[in-house]
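Single-letter residue listing:
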Amino acid sequence: QLQASGGGLVQAGGSLRLSCAASGRTFNNYYMGWFRQAPGKEREFVARALVTQYYADSVKGRFTISRDNAKNTVYLQMNSLKPEDTAVYYCAAGWLQSTDATKYTYWGQGTQVTVSS
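Described in the following lines is the structure provided in the data block.

Conventions and cut-offs
Residues numbered from 1 in each chain as written. Predicted model: local features only at pLDDT ≥ 70, side-chain atom pairs only at ≥ 80, totals over all residues. Heavy atoms only, no water. Salt bridge = Lys/Arg side-chain N within 4 Å of Asp/Glu carboxyl O. Helix = DSSP H or I, 4+ residues; strand = E, 2+ residues; numbered from the N terminus. Buried < 20%, exposed > 50% of the residue type's maximum accessible area, 1.4 Å probe, protein only. Pairing = 2+ DSSP bridges. Axes fitted to C-alpha atoms, helices over the stretch in contact; angles between N-to-C directions.

Focus on the pattern of salt bridges
Overall, the coordinates contain four salt bridges when judged by the stated rule. A salt bridge links Arg36 to Asp85; the shortest N-O distance between them is 2.9 Å. With Arg36 in strand E4 (residues 31–37) and Asp85 in the loop between strand E8 (73–78) and strand E9 (87–94), this residue pair connects regions lying 49 residues apart in the sequence. Comparing Arg36 with Asp85 shows no difference in burial state: the two are buried.

A word on the environment of Gly8
Tracing the sequence through the fold places Gly8 in strand E2 (residues 8–11). Residues Gly8 and Pro39, spaced 31 residues apart in sequence, show a C-alpha to C-alpha distance of 16 Å.

Quick notes on the sheet that holds E8
Two modes of strand pairing occur in sheets, parallel and antiparallel, and in both the strands are linked by backbone hydrogen bonds. Pairing is antiparallel across the open sheet formed by four strands, whose spatial order is E1-E3-E8-E7. The open sheet has two edge strands, strand E1 (2–5) and strand E7 (63–68), and neither has a second partner. Averaged over all pairs of adjacent strands, the angle between their axes in this sheet comes to 15°, without regard to strand direction. Where E7 lies against E8, six bridges are found, and the strand directions are antiparallel. The partner of Ile65 across the bridge, within E8, is Leu76.

Spelled out as structure tokens, the structure:
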């Protein structure tokens, strides 16, 4: 029900925009979040949005989460990318205002982002 796309290979300092398209239900009243997981690391919170937006300190000022409720889609604009941003990025939807991945009910399949130095 959530389909993430937009990942790829980019040089440090570059930009990417991830998209997460929802189908099967409307997620307009859900918190939509982005998480990422690097090899050998736990999944970590990146950003979430419902009415307001909230970011992990590591991406604040570089990433922007937005949503288009008419299209049932959420985006993650990533600027000034760093090699440490390399990870599989997942979108998720949940009812709770949380940075805890376990609080999100619906998950997309993930999209790989690789930032070269």
